[in-house]
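Chain by chain, the residues:
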Amino acid sequence: MQQVTSPAEWFTVRWLDERLVIIDQRKLPEEEVYLSLDDLEDVFTAIRMLMVRGAPAIGIVAAWGMVVAAQGMSVTTIEQLLKGLEEAGRYLISARPTAVNLSWAVNRMLGAAREDGQQPSATIHSVIDRLHREAQAIQSEDEAASYAIGVHLLDLLGDSRNILTHCNAGQLATSRYGTALAPLYVGVERGMKFHVFVDETRPVLQGARLTAWELQRLGVEATLICDNMAASVMSAGKVNAVIVGADRITANGDVANKIGTLNVAILADHFHVPFYVAAPLSTIDLSIATGDEIPIEIRDKEEVISGMGRVIAPRDIDVYNPAFDVTPNEYVTAIVTEKGAALQPFTQSLREQFG
Ligand code: MRU
């Protein structure tokens, strides 16, 4: 892992000069540092340590991580290469359990490698070449999906311009545009104006550190609030719509997303504010019936005990630190993917999106 020169225009993840480069999201908003991920261990660490985070971005980095892994293998046969890739894929998937985009991307890369490897003319070089093209396709498709989500959400929003969002589901969490923030990117292109309440999103502060930074760069008016202020701004009628991203959506429309999303969903229901979930199809996991089956990542107690640059709780206090919660589908007004808005009953509407 090495620091590389910062680009003129910021990006989340790119394959640049034959290297996988990411912005180090741990350092934002104070520093814009770009890192090259030079081997499989670097890619695993970057995902595990939240240098790159957000479901689609994790998937994209894992896809490029398979290219990095393949390039680093000393193998002499295609069989050895495929076996090595399977091991690398299992390792990457173990970095974080909740966002399904990670296993989705790894499995798509493995499928592409196997398909190329079966060709009579296949060589180690041709399989690696195919992996490279597949990772690029995953990244480009994610950008197109995010843009489409933005267009569909703008339609749903109508005249609503006062948004509340939780965590970061912006460009930092995707290839470009984001999911929950995509309508803002598309809207700004169209000369529209918005106001966004940004939940700070304890304990890791993706809202304060990342969404606030991103919206400032986009030129969208944003107000940072602590998570426990969302009820107050909603009760004052200052929010027309809540938009959040997702890490995994099950067949019945239950939504795993950043811890605290469920609080916001219940508040939105109470105050009759539409609650929109924005996610590409790669976040939908039809193999799981309900949210009860989603594996929820439990993170280190240190994230809760330390904050504001110092220890903020007794070191030996018991801490519960789930990184995600599950919002039952009854709180969800619409799930917006690149295919459009899926409405209740989600079991039917989500399946139709894959048709
Ligand atoms: O722990 P994180 O920062 O990876 O969690 C991110 C979220 O929960 C996002 O809302 C989700 O991945 C959607 S990103 C388009």
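Residues numbered from 1 in each chain as written. Predicted model: local features only at pLDDT ≥ 70, side-chain atom pairs only at ≥ 80, totals over all residues. Heavy atoms only, no water.

Asks: I'd like to hear about the pairing of strand β11 (residues 275-278), residue by residue, with values.
Replies: Neither face of β11 is left uncovered, since the one carrying Phe-275 and Val-277 and the one carrying Tyr-276 and Ala-278 both have all their residues buried. Summarising the sheet, strand β8 (residues 241-244) and β11 pair through three bridges and their orientation is parallel. Note that in β11 the partner of Val-244 across the bridge is Val-277. When β11 meets strand β16 (residues 334-337), the two strands line up parallel, connected through three bridges. (Buried < 20%, exposed > 50% of the residue type's maximum accessible area, 1.4 Å probe, protein only. Helix = DSSP H or I, 4+ residues; strand = E, 2+ residues; numbered from the N terminus. Pairing = 2+ DSSP bridges.)

Asks: Kindly report on the sheet that holds β16, identifying the contributing residues and their values.
Replies: Strand order in the open sheet formed by seven strands is β7-β6-β5-β8-β11-β16-β17, with mixed pairing between adjacent strands. Each edge of the open sheet carries a strand with a single partner, namely β7 (221-225) and β17 (340-342). Strand after strand, the sheet turns through a mean of 25 degrees between neighbouring axes, direction not considered. Packed onto the sheet, helix α7 (residues 206-218) meets β5 (162-165), β6 (195-199) and β7 and runs at close to 160 degrees relative to β6. Here helix α9 (residues 261-270) sits on the sheet in contact with β5, β6, β8 and β11, set at roughly 145 degrees to β11. (Axes fitted to C-alpha atoms, helices over the stretch in contact; angles between N-to-C directions. Contact = heavy atoms within 4.5 Å.)

Asks: Please set out the packing of aromatic side chains residue by residue, giving values where relevant.
Replies: Evaluated as defined, the whole model comprises six aromatic pairs. Pairing Trp-10 with Trp-213 gives two aromatic rings, centres 4.8 Å apart and planes at 65 degrees, and the pair type is edge-to-face. Of this pair, Trp-10 sits in the loop between β1 (2-4) and β2 (13-16) while Trp-213 sits in helix α7, and the two are 203 residues apart along the sequence. Here Trp-213 falls in the buried class, since its relative accessible area comes to 4%. Centroid distance Tyr-177 to Tyr-185: 6.2 Å. Interplanar angle 80 degrees. Geometry classified as edge-to-face. Assessed through its relative accessible area of 9%, Tyr-177 is described here as buried. Members of the aromatic cluster, each reached through a chain of ring pairs, are Tyr-147, Tyr-177 and Tyr-185. A cation over a ring is seen here: Lys-258 above Phe-324, with NZ or CZ 4.2 Å from the ring centre. (Phe/Tyr/Trp six-rings, centres within 6.5 Å; stacked < 30°, edge-to-face > 60°. Lys NZ or Arg CZ within 6 Å of the ring centre and 35° of its normal.)

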